[in-house]
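Inside the fold
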Amino acid sequence: MKVLALILAALAGTATAADCGPDKLNTSRTLTLKREGAAYGANQHAALPLAKGEVVLTFDDGPSLENTPAVLKALSDQCAKATFFMIGQNIVQQTELARRVVREGHSAGIHSDTHPHLASMTAEQQLEDLKRSRAAYKTAFGVETPAYRFPFLEETPALLDALKQANITVASIDLGIGDWVPEDTTAILAQRLTESLDKAGSGIILMHDANGPTAKALPTLLQVLKDKGYKVVHLEWQ
Ligand SMILES: [Zn+2]
């Protein structure tokens, strides 16, 4: 039975890949960044070199056993690639799921080790958190993380400096959907995404794969992008 299940899963995967036609959102191109200490995201830094209507999908706070698989399915169903900023402790606890994210063609960076308010910690503590999250990433993926997103987008001078020295890209955002309220419905998230897109026109979208309502809403959110004619750009690093 186990063999049969594996064969069926393999066939399902093939069917999905073959189905990436014009009716899907798809991934329009890959933007490959150098491993250097640059910082992107118009919220706090320079915008990525994107055309109007181009968006980068990013997901924070995972991997989550409860919600990340649904996010992966929604992305796969629409042939869309994203970047996941993972919490170091979650990588340690869900290493296989973290590896699955990357195996499915997505890119991954880190989002601290324990998601603390870094600004309330000493520089030494901040550097220790960075060290632990980098080690978790390296253990899981065999390479250094190419990118970092600050928890709560709260940047600190000590870590900005350390990331630059380590040639790790700082990934801020251009727009979000405020998806950290557990009561949010799919309709609310879709409305917020529409409003944010109308305002920003392009850029890095922040979402949370660890958040149940986001995972549930993602098929609808991706359809919003498709219906409005947005193009997904996949971020990778050299
Ligand atoms: Zn976060």
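As the structure is a computational prediction, the values presented were derived from the model and not from experiment.

**Points about the pairing of strand S3 (residues 54-60)**
- Across the seven residues that make up S3, a large majority, seven, are buried.
- Both faces of S3 are covered, namely the face carrying Glu54, Val56, Thr58 and Asp60 and the face carrying Val55, Leu57 and Phe59.
- With six bridges joining them, S3 and strand S9 (residues 203-208) adopt parallel strand pairing. Its bridge partner lying in S9, valine 56 is registered against isoleucine 204.
- Pairing between S3 and strand S4 (residues 83-86): three bridges, direction parallel. Paired with threonine 58 across the two strands is threonine 83, which belongs to S4.
- Taking the sense of rotation as the criterion, the β-α-β connection linking S3, helix H2 (residues 68-77) and S4 turns out right-handed.

**Remarks on the state of the cysteines**
- Per the counting criterion, the structure on display carries one disulfide.
- Between the sulfur of cysteine 20 and that of cysteine 79 lies a disulfide, 1.8 Å long from S to S. Looking along the S-S bond of the cysteine 20-cysteine 79 disulfide, the torsion reads about -90 degrees, which is the left-handed sense. Linking cysteine 20 in the loop between helix H1 (2-18) and strand S1 (29-33) with cysteine 79 in the loop between H2 and S4, this pair joins segments that are 59 residues apart in sequence.
- A residue is classified by how much of its surface remains accessible, and cysteine 20, at 32% relative accessible area, is partly exposed.
- Using a relative accessible area of 11% as the deciding quantity, one classes cysteine 79 as buried.

Cut-offs applied
- Residues numbered from 1 in each chain as written.
- Predicted model: local features only at pLDDT ≥ 70, side-chain atom pairs only at ≥ 80, totals over all residues.
- Heavy atoms only, no water.
- Buried < 20%, exposed > 50% of the residue type's maximum accessible area, 1.4 Å probe, protein only.
- Helix = DSSP H or I, 4+ residues; strand = E, 2+ residues; numbered from the N terminus.
- Pairing = 2+ DSSP bridges.
- Right-handed = clockwise from strand over helix to strand, strands pointing away.
- Disulfide = S-S within 2.5 Å.

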